[in-house]
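Structure assessment
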Amino acid sequence: MGEASFFHFDFYNLPALRQMIRDGEFVEPDSPDHPSFLEQAERLKNGEQDWFVGALYYPHFSPEMHFCNAYVRSGVPLTQLVSPSVPPYYGVIFLREENPLTPEVLTHWVETLSRPLFGQQFSCTLAQVPSRQEAMEQFEKEMRLMR
């Protein structure tokens, strides 16, 4: 109970957001979403909002047998069946936070965002906090894999 993860986050503070904008990362300058991204970033920097969702990721929808046969029960032609919406499993959240995202800061934000994101208030405990050295080694490993 309580051990299976059901949602993943990437949190970014204001210094990381500024760097992403300078480097043209996350939302590339030629993307149609770039003006909206810059507008959200500006609102965050100006204190008009405390956070915003930069991206949500959804699993691929793969229908089960009961869905494939829904037209038989509903009388709706196959070509008009619409896949059910599925919740996202991963999100990128930008925070109005200047401080480094230490375990204490992350805990604060997860608890603060629990109600607006999930509809209920909950507390958070980070079970396995890596040392700075472990985190840097993991980051470098992931960067090598992305090249």
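For clarity, every value in this text was computed on a predicted model and none was experimentally measured.

1. Thoughts on the environment of D10
Position of D10 among the secondary structure elements: in strand β1 (residues 8-12). The exposure class of D10 is partly exposed, given its relative accessible area of 27%. Between the C-alpha atom of D10 and that of G91, which follows or precedes it by 81 residues, the distance is 6.4 Å. Those residues within four positions of D10 in sequence are excluded, and the remaining contacts are Y90, G91, V92 and I93.

2. Details of the side chain of E97
Tracing the backbone through its elements, the reader meets E97 in the loop between β3 (90-95) and α5 (103-118). There is no salt bridge for the buried E97, and the closest opposite charge comes from R96, which lies 8.6 Å off by N-O distance. Of the polar contacts made by the side chain of E97, one reaches the side chain of W109; its length is 2.8 Å. With residues up to four places along the chain from it excluded, the contact list for E97 reads N13, L14, P15, V105 and W109.

3. Regarding the pattern of salt bridges
Enumeration according to the criterion identifies three salt bridges in this entry. The partner of E48 in a salt bridge is R43, and the shortest N-O contact between them spans 3.6 Å. The partly exposed category is assigned to R43, whose relative accessible area is 31%. The closest approach of N and O atoms between D50 and R96, which form a salt bridge, is 2.6 Å. Placement of the pair is D50 in the loop between α2 (34-45) and β2 (51-57) and R96 in the loop between β3 and α5, with a sequence separation of 46 residues.

Conventions adopted
- Residues numbered from 1 in each chain as written.
- Predicted model: local features only at pLDDT ≥ 70, side-chain atom pairs only at ≥ 80, totals over all residues.
- Heavy atoms only, no water.
- Helix = DSSP H or I, 4+ residues; strand = E, 2+ residues; numbered from the N terminus.
- Buried < 20%, exposed > 50% of the residue type's maximum accessible area, 1.4 Å probe, protein only.
- Contact = heavy atoms within 4.5 Å.
- Lys, Arg positive; Asp, Glu negative; His and termini not counted.
- Salt bridge = Lys/Arg side-chain N within 4 Å of Asp/Glu carboxyl O.
- Polar contact = N/O pair within 3.5 Å; in protein donor to acceptor, adjacent residues only side chain to side chain.

It is worth stressing that arrangement in space is one thing and function is another; only the former is reported here.
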